[in-house]
Amino acid sequence: MPTTLPLLHDYARRVVPESADMPPAPASLRVRRAASSDLDDLVALEQRSFSSDRLSRAQYRRHLDSDSALVLVASANHHLFLGSAVLFFRKRSAVARLYSLAARPEARGQGVGAALLEAAAMAARRRGSRALRLEVRTDNAAAIVLYERHGFRRIGRYARYYQDGTDAWRYEKALG
């Protein structure tokens, strides 16, 4: 099994002012490897973050126990999950895949996605990957901006990739 990384990053973040429907803004954002005890929170986050193409409880359980997957969580404390990322690694491949990146809707724009992307790239480098790839809905402008700001470049398009028939852009970032 790969080396466990209990805490990948501890970020001091300046965040936007709180609103009534928003959890308290984190003074620091932590990204760590998810544990089996995080399963309920991961599933709840998935339900809040996506309207379709969701990971199931069984899929998360499998990924948490897999040598070829890594699940990361971003939190302000151990009980307030702000985001998650799922990475896949294939044997004899130097390319890692960012399969999912989720952030609580009320935490978007606060650096959660950026922190998870940085932690995912670091974890992929540690596993020997030379590149990180992902797919994103062609209509998800906010995610596209985030990925491009963090060094991902568009390398392809998949027609009707998502359950609802939306196309996907394929992106890659060199991990040199």
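Everything discussed here concerns the structure shown above.
Computed from a prediction, not measured in an experiment: that's the story for all the values here.

It is worth spelling out helix 1 (residues 39-49) at this point. Regarding helix 1, the residues found buried are Leu39, Leu42, Val43, Leu45, Glu46 and Ser49. End-on view of helix 1: buried residues confined to an arc of 160°, all on one side of the axis. Check the buried side of helix 1 and you find it contacts helix 2 (57-64), strand 3 (69-77), strand 4 (80-88) and strand 5 (95-103).

By the secondary structure assignment, Glu135 is in strand 6 (residues 131-137). Side-chain polar atoms of Glu135 contact the side chain of Tyr161, separated by 3.3 Å. Within the structure, Glu135 has its side chain in polar contact with the side chain of Arg170 (distance 3.1 Å). Those residues within four positions of Glu135 in sequence are excluded, and the remaining contacts are Arg97, Tyr158, Tyr161, Tyr162, Ala168, Trp169 and Arg170.

Looking now at the packing of aromatic side chains. Centre-to-centre distance and the angle between the planes together describe a pair of aromatic rings. Under the criterion given, the structure shown has four aromatic pairs. On the numbers, 4.9 Å between centres and 40° between planes, the contact of Phe88 with Tyr99 is tilted. Here Phe88 is found in strand 4, whereas its partner Tyr99 is found in strand 5, with 11 residues between them in sequence. Within the aromatic cluster, the residues linked to one another by ring pairs are Tyr158, Tyr161 and Tyr162. Between Arg157 and the ring centre of Trp169, over which it is positioned, the NZ or CZ distance is 4.5 Å.

Here we take up the pattern of salt bridges. Inspection of every chain in the model, using the stated rule, returns 10 salt bridges. Across the salt bridge formed by Arg153 and Glu172, the nearest N and O atoms sit 3.9 Å from each other. Here Arg153 is found in strand 7 (residues 153-158), whereas its partner Glu172 is found in strand 8 (residues 168-174), with 19 residues between them in sequence. Arg153 gets classed as exposed once you look at its relative accessible area, which sits at 52%.

What follows deals with helix 2. Side chains of residues three or four places apart in an α-helix project in the same direction, reflecting 3.6 residues per turn. Of the positions making up helix 2, those classed as buried are Tyr60, His63 and Leu64. Within helix 2, the buried residues cover an arc of 100° as seen down the axis, which keeps them to one side. Looking at the packing, one finds that the buried side of helix 2 touches helix 1, strand 3 and strand 4.

Reading the values: the criteria
- Residues numbered from 1 in each chain as written.
- Predicted model: local features only at pLDDT ≥ 70, side-chain atom pairs only at ≥ 80, totals over all residues.
- Heavy atoms only, no water.
- Buried < 20%, exposed > 50% of the residue type's maximum accessible area, 1.4 Å probe, protein only.
- Helix = DSSP H or I, 4+ residues; strand = E, 2+ residues; numbered from the N terminus.
- Arc of directions from axis to C-beta.
- Contact = heavy atoms within 4.5 Å.
- Polar contact = N/O pair within 3.5 Å; in protein donor to acceptor, adjacent residues only side chain to side chain.
- Phe/Tyr/Trp six-rings, centres within 6.5 Å; stacked < 30°, edge-to-face > 60°.
- Lys NZ or Arg CZ within 6 Å of the ring centre and 35° of its normal.
- Salt bridge = Lys/Arg side-chain N within 4 Å of Asp/Glu carboxyl O.

The values are spatial; any link to function lies outside them.
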